[in-house]
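Reading the structure
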Amino acid sequence: MALFDVSGYKSHAGLRGQILGTGVGHLVDRPNQEFAVPVGVDPSGFLKSCSREGGVSIDLNHGTTTLAFKFRHGVIVAVDSRASAGSYIASKEANKVIEINPYLLGTMSGSAADCQYWERLLAKECRLYKLRNKQRISVSAASKLLCNMMLGYRGMGLSMGSMIVGWDNKGPGLYYVDDNATRLSGRMFSTGCGSSYAYGVMDSGYREDMTVEEAYELGRRGITHATHRDAYSGGVVNLYHMQEDGWIKVCKEDVSELIHRYRKGMF
Amino acid sequence: MFAQVYGDNGKMKEYHYSGPVEHRFSPYSFNGGTVLAVAGEDFAIVASDTRLSEGYSIHSRDSPKCYKLTNTTVIGCSGFHGDCLTLTKIIDARLKMYKHSNNKSMTSGAIAAMLSTILYGRRFFPYYVYNIIGGLDEEGKGAVYSFDPVGSYQRDTYKAGGSASAMLQPLLDNQIGFKNMEGVQHLPLNQEKAVQLVKDVFISAAERDVYTGDALRICIVTKEGIKEETVPLRKD
(Lines give C-alpha, C1' and ligand atoms only; values in the text may rest on other atoms or scores of the structure.)
Protein backbone atom coordinates (compact mmCIF):
# COMPACT_ATOMS: atom_id res chain seq x y z
CA MET A 1 0.00 0.00 0.00
CA ALA A 2 1.38 3.39 -0.99
CA LEU A 3 1.55 5.21 2.35
CA PHE A 4 2.17 2.21 4.61
CA ASP A 5 5.59 3.34 5.79
CA VAL A 6 4.54 6.80 6.86
CA SER A 7 1.15 5.93 8.28
CA GLY A 8 2.57 5.07 11.69
CA TYR A 9 0.92 1.68 11.89
CA LYS A 10 2.80 -1.09 13.66
CA SER A 11 1.91 -4.60 12.51
CA HIS A 12 1.05 -7.29 15.04
CA ALA A 13 4.14 -9.34 14.24
CA GLY A 14 6.41 -6.42 15.08
CA LEU A 15 4.66 -5.76 18.38
CA ARG A 16 4.78 -9.42 19.46
CA GLY A 17 8.51 -9.53 18.79
CA GLN A 18 9.01 -6.53 21.04
CA ILE A 19 6.87 -7.84 23.88
CA LEU A 20 8.05 -11.47 23.94
CA GLY A 21 11.48 -11.85 22.42
CA THR A 22 13.68 -8.94 21.61
CA GLY A 23 12.42 -6.39 24.13
CA VAL A 24 14.09 -7.84 27.25
CA GLY A 25 15.62 -5.18 29.45
CA HIS A 26 13.68 -2.33 27.90
CA LEU A 27 12.01 -0.26 30.57
CA VAL A 28 10.55 2.14 28.09
CA ASP A 29 9.49 0.50 24.82
CA ARG A 30 9.30 3.79 23.07
CA PRO A 31 11.63 2.92 20.16
CA ASN A 32 8.31 2.15 18.36
CA GLN A 33 7.71 5.77 17.54
CA GLU A 34 9.73 7.45 14.82
CA PHE A 35 9.49 11.15 14.23
CA ALA A 36 9.77 12.61 10.74
CA VAL A 37 12.43 15.30 10.63
CA PRO A 38 13.04 17.88 7.88
CA VAL A 39 16.17 16.98 5.93
CA GLY A 40 19.29 19.04 6.38
CA VAL A 41 17.75 21.70 8.65
CA ASP A 42 17.88 22.29 12.36
CA PRO A 43 14.43 21.17 13.58
CA SER A 44 14.02 23.84 16.23
CA GLY A 45 14.50 26.72 13.79
CA PHE A 46 12.69 25.11 10.88
CA LEU A 47 9.13 26.11 11.72
CA LYS A 48 10.10 29.71 12.40
CA SER A 49 11.81 29.94 9.02
CA CYS A 50 8.76 28.59 7.17
CA SER A 51 6.37 31.09 8.67
CA ARG A 52 5.63 34.33 6.91
CA GLU A 53 6.53 32.99 3.45
CA GLY A 54 3.54 33.34 1.13
CA GLY A 55 1.00 33.64 3.89
CA VAL A 56 2.11 30.48 5.68
CA SER A 57 1.82 30.88 9.41
CA ILE A 58 1.92 27.73 11.48
CA ASP A 59 0.93 28.72 15.00
CA LEU A 60 0.95 26.11 17.72
CA ASN A 61 -1.15 26.27 20.87
CA HIS A 62 0.88 27.80 23.73
CA GLY A 63 0.96 29.78 26.93
CA THR A 64 -0.22 29.28 30.50
CA THR A 65 0.01 29.76 34.21
CA THR A 66 0.07 26.70 36.46
CA LEU A 67 0.98 26.41 40.11
CA ALA A 68 1.29 23.75 42.79
CA PHE A 69 2.34 23.77 46.42
CA LYS A 70 2.65 21.28 49.28
CA PHE A 71 1.16 22.01 52.68
CA ARG A 72 0.13 20.13 55.78
CA HIS A 73 -2.95 18.51 54.22
CA GLY A 74 -1.54 17.51 50.85
CA VAL A 75 -0.79 19.28 47.57
CA ILE A 76 -2.84 21.95 45.82
CA VAL A 77 -2.72 22.19 42.01
CA ALA A 78 -4.25 25.14 40.15
CA VAL A 79 -4.12 25.88 36.41
CA ASP A 80 -5.67 28.36 34.00
CA SER A 81 -7.40 27.27 30.76
CA ARG A 82 -6.28 29.50 27.89
CA ALA A 83 -4.59 28.05 24.79
CA SER A 84 -3.24 30.70 22.42
CA ALA A 85 -1.96 30.23 18.87
CA GLY A 86 0.03 33.35 18.08
CA SER A 87 -2.25 36.16 19.17
CA TYR A 88 -5.44 34.17 18.61
CA ILE A 89 -7.08 32.44 21.57
CA ALA A 90 -7.56 28.96 20.22
CA SER A 91 -9.38 27.70 23.29
CA LYS A 92 -10.82 29.21 26.44
CA GLU A 93 -11.40 25.88 28.14
CA ALA A 94 -8.28 23.87 27.49
CA ASN A 95 -7.63 21.08 29.95
CA LYS A 96 -4.14 21.50 31.35
CA VAL A 97 -4.18 18.81 34.01
CA ILE A 98 -3.82 15.20 32.95
CA GLU A 99 -5.26 12.68 35.40
CA ILE A 100 -2.70 9.91 35.06
CA ASN A 101 -4.25 7.70 37.74
CA PRO A 102 -6.23 8.37 40.95
CA TYR A 103 -2.95 9.12 42.76
CA LEU A 104 -1.00 11.01 40.08
CA LEU A 105 -1.61 14.29 38.27
CA GLY A 106 0.45 16.06 35.62
CA THR A 107 0.13 19.72 34.68
CA MET A 108 0.89 21.13 31.25
CA SER A 109 2.43 24.42 30.20
CA GLY A 110 4.27 25.48 27.07
CA SER A 111 3.34 23.78 23.83
CA ALA A 112 -0.03 22.05 24.18
CA ALA A 113 0.75 19.23 21.74
CA ASP A 114 4.09 18.40 23.39
CA CYS A 115 2.51 18.27 26.85
CA GLN A 116 -0.51 16.23 25.75
CA TYR A 117 1.59 13.71 23.84
CA TRP A 118 4.39 13.12 26.34
CA GLU A 119 2.15 13.09 29.40
CA ARG A 120 -0.21 10.66 27.71
CA LEU A 121 2.85 8.50 27.00
CA LEU A 122 3.81 8.89 30.68
CA ALA A 123 0.33 7.69 31.66
CA LYS A 124 0.86 4.61 29.49
CA GLU A 125 4.25 3.90 31.10
CA CYS A 126 2.78 4.31 34.61
CA ARG A 127 0.06 1.81 33.74
CA LEU A 128 2.61 -0.65 32.34
CA TYR A 129 4.71 -0.24 35.51
CA LYS A 130 1.68 -1.11 37.63
CA LEU A 131 0.91 -4.19 35.54
CA ARG A 132 4.50 -5.41 35.59
CA ASN A 133 5.35 -4.70 39.23
CA LYS A 134 1.93 -5.05 40.90
CA GLN A 135 2.37 -1.77 42.71
CA ARG A 136 1.76 1.84 41.84
CA ILE A 137 4.66 3.83 40.48
CA SER A 138 6.22 6.38 42.85
CA VAL A 139 6.03 10.09 42.04
CA SER A 140 9.81 10.21 41.90
CA ALA A 141 9.96 7.42 39.31
CA ALA A 142 7.14 8.86 37.21
CA SER A 143 8.80 12.25 37.05
CA LYS A 144 12.09 10.60 36.16
CA LEU A 145 10.48 8.74 33.27
CA LEU A 146 9.14 12.01 31.88
CA CYS A 147 12.50 13.70 32.42
CA ASN A 148 14.31 10.98 30.46
CA MET A 149 11.84 11.26 27.61
CA MET A 150 12.66 14.98 27.41
CA LEU A 151 16.40 14.29 27.54
CA GLY A 152 16.11 12.19 24.38
CA TYR A 153 14.83 15.16 22.42
CA ARG A 154 16.83 17.92 24.03
CA GLY A 155 17.68 20.81 21.72
CA MET A 156 15.01 19.92 19.14
CA GLY A 157 12.60 22.65 20.08
CA LEU A 158 10.15 20.89 22.40
CA SER A 159 8.50 23.21 24.89
CA MET A 160 7.07 21.70 28.05
CA GLY A 161 7.01 22.80 31.69
CA SER A 162 5.20 20.29 33.82
CA MET A 163 4.61 19.43 37.44
CA ILE A 164 4.08 15.83 38.49
CA VAL A 165 2.01 15.69 41.66
CA GLY A 166 1.13 12.58 43.58
CA TRP A 167 0.87 10.73 46.86
CA ASP A 168 2.91 7.55 47.36
CA ASN A 169 4.58 5.65 50.24
CA LYS A 170 6.85 8.58 50.97
CA GLY A 171 3.92 10.96 51.33
CA PRO A 172 2.92 13.85 49.08
CA GLY A 173 5.21 14.39 46.09
CA LEU A 174 5.75 17.43 43.86
CA TYR A 175 8.28 17.44 41.03
CA TYR A 176 8.94 20.02 38.33
CA VAL A 177 10.05 18.63 34.94
CA ASP A 178 10.79 20.71 31.88
CA ASP A 179 11.87 20.32 28.24
CA ASN A 180 15.55 20.70 29.14
CA ALA A 181 15.16 17.59 31.30
CA THR A 182 15.44 19.63 34.50
CA ARG A 183 13.85 17.68 37.33
CA LEU A 184 13.41 19.31 40.73
CA SER A 185 11.61 18.25 43.87
CA GLY A 186 10.19 21.08 45.93
CA ARG A 187 7.42 22.53 48.05
CA MET A 188 6.13 25.17 45.65
CA PHE A 189 6.38 25.65 41.89
CA SER A 190 4.75 27.76 39.23
CA THR A 191 5.27 27.43 35.47
CA GLY A 192 4.29 29.27 32.33
CA CYS A 193 4.45 32.86 31.22
CA GLY A 194 2.29 34.02 34.13
CA SER A 195 4.41 32.21 36.71
CA SER A 196 6.14 35.30 38.11
CA TYR A 197 2.80 36.80 39.11
CA ALA A 198 1.65 33.54 40.66
CA TYR A 199 4.90 33.20 42.67
CA GLY A 200 4.39 36.69 44.11
CA VAL A 201 0.88 35.88 45.32
CA MET A 202 1.80 32.43 46.64
CA ASP A 203 4.90 33.62 48.49
CA SER A 204 3.00 36.35 50.25
CA GLY A 205 0.16 34.12 51.42
CA TYR A 206 1.82 30.75 52.04
CA ARG A 207 2.02 29.13 55.48
CA GLU A 208 2.81 25.46 56.02
CA ASP A 209 -0.09 25.08 58.50
CA MET A 210 -2.83 26.62 56.38
CA THR A 211 -6.30 25.15 56.58
CA VAL A 212 -7.65 23.41 53.51
CA GLU A 213 -9.97 26.30 52.64
CA GLU A 214 -7.15 28.83 52.95
CA ALA A 215 -5.01 26.71 50.64
CA TYR A 216 -7.78 26.52 48.02
CA GLU A 217 -8.15 30.30 48.21
CA LEU A 218 -4.39 30.80 47.80
CA GLY A 219 -4.33 28.60 44.70
CA ARG A 220 -7.30 30.41 43.19
CA ARG A 221 -5.82 33.83 43.90
CA GLY A 222 -2.46 32.90 42.43
CA ILE A 223 -3.99 31.93 39.10
CA THR A 224 -6.51 34.78 39.08
CA HIS A 225 -3.93 37.49 39.60
CA ALA A 226 -1.62 35.92 37.06
CA THR A 227 -4.36 35.81 34.42
CA HIS A 228 -5.22 39.41 35.24
CA ARG A 229 -1.72 40.57 34.31
CA ASP A 230 -0.54 38.02 31.76
CA ALA A 231 -2.06 38.26 28.30
CA TYR A 232 -1.48 34.60 27.49
CA SER A 233 -3.33 33.25 30.53
CA GLY A 234 -7.04 33.35 31.18
CA GLY A 235 -10.28 31.41 31.06
CA VAL A 236 -11.19 29.43 34.17
CA VAL A 237 -9.25 28.23 37.21
CA ASN A 238 -9.19 24.45 37.54
CA LEU A 239 -8.31 23.52 41.12
CA TYR A 240 -7.27 20.05 42.32
CA HIS A 241 -6.35 18.80 45.82
CA MET A 242 -4.05 15.78 46.16
CA GLN A 243 -4.92 13.93 49.37
CA GLU A 244 -3.71 10.72 50.95
CA ASP A 245 -6.48 8.68 49.31
CA GLY A 246 -6.23 10.30 45.91
CA TRP A 247 -6.92 13.59 44.19
CA ILE A 248 -10.21 15.49 44.11
CA LYS A 249 -11.27 18.21 41.72
CA VAL A 250 -12.24 21.14 43.88
CA CYS A 251 -13.67 23.71 41.53
CA LYS A 252 -13.70 25.32 38.11
CA GLU A 253 -14.35 29.08 38.28
CA ASP A 254 -14.29 31.83 35.71
CA VAL A 255 -11.41 34.23 36.25
CA SER A 256 -13.41 37.38 35.46
CA GLU A 257 -15.84 36.63 38.28
CA LEU A 258 -13.02 35.85 40.70
CA ILE A 259 -11.12 39.06 39.97
CA HIS A 260 -14.24 41.11 40.68
CA ARG A 261 -14.63 39.35 44.02
CA TYR A 262 -11.03 40.06 44.94
CA ARG A 263 -11.25 43.65 43.80
CA LYS A 264 -14.18 44.30 46.12
CA GLY A 265 -12.03 43.07 48.99
CA MET A 266 -9.09 45.20 47.87
CA PHE A 267 -10.73 48.64 48.09
CA MET B 1 -1.85 45.61 -0.31
CA PHE B 2 -1.19 49.26 -1.20
CA ALA B 3 -0.47 50.27 2.39
CA GLN B 4 2.95 48.60 2.29
CA VAL B 5 4.19 50.84 -0.49
CA TYR B 6 3.96 53.90 1.76
CA GLY B 7 6.23 54.31 4.76
CA ASP B 8 5.32 55.72 8.15
CA ASN B 9 5.66 59.36 7.12
CA GLY B 10 3.25 59.02 4.17
CA LYS B 11 5.94 59.15 1.50
CA MET B 12 6.59 56.19 -0.77
CA LYS B 13 9.23 53.79 0.49
CA GLU B 14 12.45 53.65 -1.44
CA TYR B 15 13.58 50.29 -2.68
CA HIS B 16 17.25 49.68 -3.13
CA TYR B 17 19.54 46.73 -3.32
CA SER B 18 20.44 45.79 0.24
CA GLY B 19 22.71 42.83 -0.43
CA PRO B 20 22.26 39.18 -1.44
CA VAL B 21 19.09 37.58 -0.10
CA GLU B 22 18.91 33.86 0.43
CA HIS B 23 15.78 32.21 -0.94
CA ARG B 24 14.97 28.76 0.25
CA PHE B 25 12.46 26.28 -1.05
CA SER B 26 9.48 26.33 1.28
CA PRO B 27 7.75 22.99 1.61
CA TYR B 28 4.53 24.71 2.62
CA SER B 29 2.01 26.90 0.88
CA PHE B 30 -1.23 28.38 2.13
CA ASN B 31 -4.32 27.33 0.17
CA GLY B 32 -6.97 29.08 2.22
CA GLY B 33 -10.40 27.86 3.17
CA THR B 34 -12.50 27.82 6.31
CA VAL B 35 -14.06 24.89 8.15
CA LEU B 36 -16.60 24.87 10.91
CA ALA B 37 -18.17 22.20 13.08
CA VAL B 38 -21.11 22.34 15.51
CA ALA B 39 -22.29 19.58 17.86
CA GLY B 40 -25.92 19.28 18.83
CA GLU B 41 -27.86 16.96 21.10
CA ASP B 42 -28.13 14.15 18.53
CA PHE B 43 -26.45 15.58 15.44
CA ALA B 44 -23.23 17.17 14.28
CA ILE B 45 -22.60 19.55 11.41
CA VAL B 46 -19.30 19.96 9.55
CA ALA B 47 -19.19 22.70 6.94
CA SER B 48 -16.50 24.14 4.70
CA ASP B 49 -16.22 26.52 1.81
CA THR B 50 -15.03 25.16 -1.54
CA ARG B 51 -12.48 27.73 -2.70
CA LEU B 52 -8.89 26.62 -3.28
CA SER B 53 -6.54 29.59 -3.59
CA GLU B 54 -2.84 30.36 -3.58
CA GLY B 55 -1.50 33.88 -3.24
CA TYR B 56 -3.63 36.07 -5.52
CA SER B 57 -5.05 33.22 -7.63
CA ILE B 58 -7.97 30.86 -7.26
CA HIS B 59 -7.07 27.34 -8.35
CA SER B 60 -10.56 25.89 -7.99
CA ARG B 61 -14.05 26.90 -6.97
CA ASP B 62 -15.16 23.34 -6.26
CA SER B 63 -12.73 21.88 -3.76
CA PRO B 64 -14.61 21.08 -0.56
CA LYS B 65 -12.67 20.55 2.60
CA CYS B 66 -14.92 18.09 4.42
CA TYR B 67 -14.11 14.40 4.04
CA LYS B 68 -16.30 11.55 5.16
CA LEU B 69 -14.40 9.08 7.33
CA THR B 70 -17.05 6.69 8.69
CA ASN B 71 -20.85 6.68 8.85
CA THR B 72 -20.70 8.74 12.00
CA THR B 73 -17.64 10.96 11.47
CA VAL B 74 -16.64 13.74 9.09
CA ILE B 75 -13.35 15.64 9.15
CA GLY B 76 -12.72 19.16 7.89
CA CYS B 77 -9.13 20.05 6.92
CA SER B 78 -7.86 23.48 5.86
CA GLY B 79 -4.39 24.91 5.37
CA PHE B 80 -1.99 23.40 2.87
CA HIS B 81 -3.97 21.30 0.40
CA GLY B 82 -1.15 18.84 -0.25
CA ASP B 83 -0.91 17.94 3.41
CA CYS B 84 -4.74 17.77 3.67
CA LEU B 85 -4.85 15.15 0.90
CA THR B 86 -2.04 13.05 2.33
CA LEU B 87 -3.39 13.25 5.85
CA THR B 88 -6.88 12.11 4.79
CA LYS B 89 -5.33 9.24 2.82
CA ILE B 90 -3.39 8.13 5.89
CA ILE B 91 -6.46 8.38 8.12
CA ASP B 92 -8.51 6.33 5.63
CA ALA B 93 -5.80 3.69 5.55
CA ARG B 94 -5.60 3.49 9.34
CA LEU B 95 -9.40 3.26 9.56
CA LYS B 96 -9.38 0.34 7.16
CA MET B 97 -6.64 -1.43 9.11
CA TYR B 98 -8.55 -0.94 12.36
CA LYS B 99 -11.74 -2.27 10.76
CA HIS B 100 -9.97 -5.37 9.50
CA SER B 101 -8.17 -6.04 12.79
CA ASN B 102 -11.03 -5.29 15.17
CA ASN B 103 -14.13 -6.01 13.10
CA LYS B 104 -15.76 -2.69 13.94
CA SER B 105 -15.56 0.94 12.83
CA MET B 106 -13.57 3.44 14.83
CA THR B 107 -15.59 5.72 17.11
CA SER B 108 -15.22 9.50 16.80
CA GLY B 109 -13.26 9.73 20.05
CA ALA B 110 -10.87 7.02 18.92
CA ILE B 111 -10.33 8.71 15.55
CA ALA B 112 -9.53 11.95 17.36
CA ALA B 113 -6.97 10.29 19.63
CA MET B 114 -5.42 8.51 16.64
CA LEU B 115 -5.21 11.72 14.63
CA SER B 116 -3.42 13.37 17.54
CA THR B 117 -0.64 10.78 17.45
CA ILE B 118 -0.45 10.85 13.64
CA LEU B 119 0.02 14.62 13.74
CA TYR B 120 2.54 14.46 16.58
CA GLY B 121 4.58 11.92 14.63
CA ARG B 122 5.42 14.91 12.46
CA ARG B 123 6.21 17.24 15.36
CA PHE B 124 9.46 18.38 13.78
CA PHE B 125 8.12 18.74 10.22
CA PRO B 126 4.41 19.33 10.75
CA TYR B 127 1.45 18.76 8.52
CA TYR B 128 0.27 22.28 7.85
CA VAL B 129 -3.38 21.40 8.37
CA TYR B 130 -5.96 22.71 10.78
CA ASN B 131 -8.33 19.83 11.48
CA ILE B 132 -11.79 19.69 12.97
CA ILE B 133 -13.59 16.38 13.43
CA GLY B 134 -17.38 16.33 13.77
CA GLY B 135 -19.46 13.27 14.49
CA LEU B 136 -21.51 11.27 16.95
CA ASP B 137 -20.01 9.70 20.05
CA GLU B 138 -20.86 6.23 21.39
CA GLU B 139 -23.97 7.57 23.12
CA GLY B 140 -25.26 9.18 19.92
CA LYS B 141 -24.58 12.75 21.08
CA GLY B 142 -22.86 15.24 18.80
CA ALA B 143 -19.10 15.65 19.29
CA VAL B 144 -16.60 18.10 17.85
CA TYR B 145 -12.82 17.71 18.24
CA SER B 146 -10.49 20.53 17.20
CA PHE B 147 -6.76 20.17 16.58
CA ASP B 148 -3.70 22.32 16.10
CA PRO B 149 -1.13 21.41 13.41
CA VAL B 150 0.94 19.21 15.75
CA GLY B 151 -1.82 17.23 17.40
CA SER B 152 -2.99 19.03 20.54
CA TYR B 153 -6.74 18.49 20.70
CA GLN B 154 -9.83 18.78 22.82
CA ARG B 155 -13.54 18.16 22.60
CA ASP B 156 -15.70 21.23 21.95
CA THR B 157 -19.32 22.09 21.26
CA TYR B 158 -18.45 24.27 18.26
CA LYS B 159 -15.28 25.38 16.52
CA ALA B 160 -14.18 27.33 13.47
CA GLY B 161 -10.82 26.72 11.80
CA GLY B 162 -8.94 28.01 8.79
CA SER B 163 -8.47 31.47 7.32
CA ALA B 164 -11.68 33.10 8.61
CA SER B 165 -11.64 31.32 11.97
CA ALA B 166 -10.85 34.46 13.96
CA MET B 167 -13.93 36.14 12.45
CA LEU B 168 -16.31 33.23 12.91
CA GLN B 169 -15.34 31.97 16.36
CA PRO B 170 -16.53 35.09 18.24
CA LEU B 171 -19.84 34.96 16.35
CA LEU B 172 -20.31 31.33 17.34
CA ASP B 173 -19.36 32.16 20.95
CA ASN B 174 -22.17 34.66 20.97
CA GLN B 175 -24.87 32.67 19.12
CA ILE B 176 -24.26 29.16 20.38
CA GLY B 177 -22.40 29.79 23.64
CA PHE B 178 -24.51 32.83 24.58
CA LYS B 179 -21.37 34.61 25.71
CA ASN B 180 -21.56 38.35 26.36
CA MET B 181 -25.33 38.32 26.35
CA GLU B 182 -27.32 39.29 29.43
CA GLY B 183 -30.74 38.01 30.37
CA VAL B 184 -31.05 35.58 27.45
CA GLN B 185 -32.58 32.13 27.70
CA HIS B 186 -30.03 29.42 26.93
CA LEU B 187 -32.04 27.42 24.41
CA PRO B 188 -30.44 24.20 23.13
CA LEU B 189 -29.63 24.22 19.44
CA ASN B 190 -31.91 22.20 17.15
CA GLN B 191 -30.84 20.95 13.74
CA GLU B 192 -32.71 23.46 11.55
CA LYS B 193 -31.46 26.46 13.55
CA ALA B 194 -27.93 25.12 13.51
CA VAL B 195 -27.92 24.66 9.71
CA GLN B 196 -29.31 28.15 9.19
CA LEU B 197 -26.72 29.61 11.57
CA VAL B 198 -23.90 27.86 9.70
CA LYS B 199 -25.14 29.29 6.39
CA ASP B 200 -25.41 32.81 7.82
CA VAL B 201 -21.99 32.60 9.40
CA PHE B 202 -20.30 31.52 6.17
CA ILE B 203 -22.07 34.24 4.19
CA SER B 204 -20.53 36.74 6.64
CA ALA B 205 -17.11 35.13 6.31
CA ALA B 206 -17.23 35.29 2.51
CA GLU B 207 -17.95 39.03 2.72
CA ARG B 208 -14.78 39.84 4.62
CA ASP B 209 -12.22 37.10 3.98
CA VAL B 210 -10.65 36.87 0.54
CA TYR B 211 -9.82 33.19 0.89
CA THR B 212 -13.40 32.13 1.71
CA GLY B 213 -16.21 31.98 -0.84
CA ASP B 214 -17.59 30.32 -4.00
CA ALA B 215 -19.77 27.68 -2.33
CA LEU B 216 -20.51 26.13 1.03
CA ARG B 217 -20.61 22.37 1.56
CA ILE B 218 -22.52 21.28 4.68
CA CYS B 219 -22.38 17.69 6.00
CA ILE B 220 -25.04 16.85 8.59
CA VAL B 221 -24.25 13.75 10.66
CA THR B 222 -27.15 11.99 12.38
CA LYS B 223 -27.77 8.42 13.38
CA GLU B 224 -29.50 7.93 10.03
CA GLY B 225 -26.28 8.76 8.20
CA ILE B 226 -24.57 11.71 6.55
CA LYS B 227 -26.51 14.22 4.45
CA GLU B 228 -24.73 16.73 2.20
CA GLU B 229 -25.99 20.14 1.13
CA THR B 230 -24.36 22.73 -1.13
CA VAL B 231 -25.16 26.43 -0.92
CA PRO B 232 -23.69 29.11 -3.21
CA LEU B 233 -21.56 31.92 -1.73
CA ARG B 234 -20.00 35.06 -3.15
CA LYS B 235 -17.70 34.30 -6.06
CA ASP B 236 -15.67 37.51 -6.00
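Here the structure is a predicted model, which is why all the values come from computation and not from measurement. (Residues numbered from 1 in each chain as written. Chains lettered and ligands numbered in written order. Predicted model: local features only at pLDDT ≥ 70, side-chain atom pairs only at ≥ 80, totals over all residues. Heavy atoms only, no water.)

**Remarks on the UniProt feature "active site" (unreviewed entry) in chain A**
The positions that UniProt labels "active site" (unreviewed entry) are, in the present scheme, Thr-64 of chain A. A distance of 3.5 Å separates the side chain of Thr-64 of chain A from the side chain of Lys-96 of chain A, its partner in a polar contact. (UniProt positions renumbered as here; feature names shortened; annotations may be inferred. Polar contact = N/O pair within 3.5 Å; in protein donor to acceptor, adjacent residues only side chain to side chain.)

**Concerning helix H3 (residues 165–175) of chain B**
Among all positions in H3 of chain B, only Ser-165, Leu-168, Gln-169, Leu-172 and Asp-173 of chain B are buried. Projected down its long axis, H3 of chain B shows its buried positions confined to an angular sector of 140 degrees, all on one face. Contacts made by the buried residues of H3 of chain B are with strand S5 (88–91) of chain A together with strand S1 (34–39), strand S10 (158–162) and helix H4 (191–208) of chain B. (Buried < 20%, exposed > 50% of the residue type's maximum accessible area, 1.4 Å probe, protein only. Helix = DSSP H or I, 4+ residues; strand = E, 2+ residues; numbered from the N terminus. Arc of directions from axis to C-beta. Contact = heavy atoms within 4.5 Å.)

**Considerations on the packing of aromatic side chains**
The description of an aromatic ring pair uses the distance of the two centres, along with the angle that the planes make with each other. All names here are of chain B. Tallied over the entire structure, the rule returns 16 aromatic pairs over all chains. Measuring from ring centre to ring centre gives 6.3 Å for Tyr-145 and Tyr-153, while their planes differ by 50 degrees; the resulting arrangement is tilted. The rings of Tyr-28, Phe-30, Phe-125, Tyr-128, Tyr-130 and Tyr-211 are connected pair by pair, giving a single aromatic cluster. When the ring centre of Phe-125 is taken as origin, the NZ or CZ atom of Arg-122, which lies over that ring, is 4.9 Å away. It is Arg-122 that lies over the ring of Tyr-127; its NZ or CZ is 4.7 Å from the centre. (Phe/Tyr/Trp six-rings, centres within 6.5 Å; stacked < 30°, edge-to-face > 60°. Lys NZ or Arg CZ within 6 Å of the ring centre and 35° of its normal.)

**With respect to the packing of H3 of chain B against H4 of chain B**
Residues and elements named next belong to chain B. Put simply, H3 and H4 touch, their axes get as near as 10 Å, and they point 150 degrees apart. The orientation of H3 relative to H4 falls into the category roughly antiparallel. Relative to H4, H3 is oriented so that their crossing is right-handed. Taken together, the residues of H4 that come into contact with H3 (itself represented by Met-167, Leu-168, Leu-171, Leu-172 and Gln-175) are Leu-197, Val-201, Ala-205 and Arg-208. (Axes fitted to C-alpha atoms, helices over the stretch in contact; angles between N-to-C directions. Parallel < 35°, antiparallel > 145°, perpendicular 65-115°, else oblique. Left-handed = near helix turned anticlockwise from the far one by under 90°.)

**Details of the sheet that holds strand S11 (residues 215–222) of chain B**
All names here are of chain B. Taken together, the 5 strands give an open sheet; going across it, the order is S10-S1-S2-S11-S12, and neighbouring strands pair in antiparallel fashion. Across the chains shown, the open sheet's two edge strands, defined by having one partner strand only, are S10 and strand S12 (225–232). The sheet shows a mean angle of 15 degrees between the axes of neighbouring strands, taken without regard to direction. Two strands pair when backbone bridges link them, and S1 and S10 are joined in this way by 5 bridges, in the antiparallel orientation. Considered in S10, the bridge of Ala-37 is made with Lys-159. (Pairing = 2+ DSSP bridges.)

**Structural notes on the sheet that holds strand S11 (residues 188–192) of chain A**
The strands that make up a sheet are held in pairs by hydrogen bonds between backbone atoms, and each pair lies either parallel or antiparallel. All names here are of chain A. Taken in spatial order, the 5 strands of this open sheet run S11-S2-S3-S12-S13, and their pairing is antiparallel. Every other strand in the sheet has two partners, leaving S11 and strand S13 (246–254) as the edge strands with one partner each. Going from strand to strand, the sheet's axes swing by 15 degrees on average, the running direction of each strand aside. Here strand S2 (residues 65–71) pairs with S11 via 5 bridges, running antiparallel. Note on S11: the bridge partner recorded for Thr-65 is Gly-192. Packing against the sheet, helix H5 (residues 195–205) makes contact with S2 and S11, and its axis sits at approximately 155 degrees to S11.

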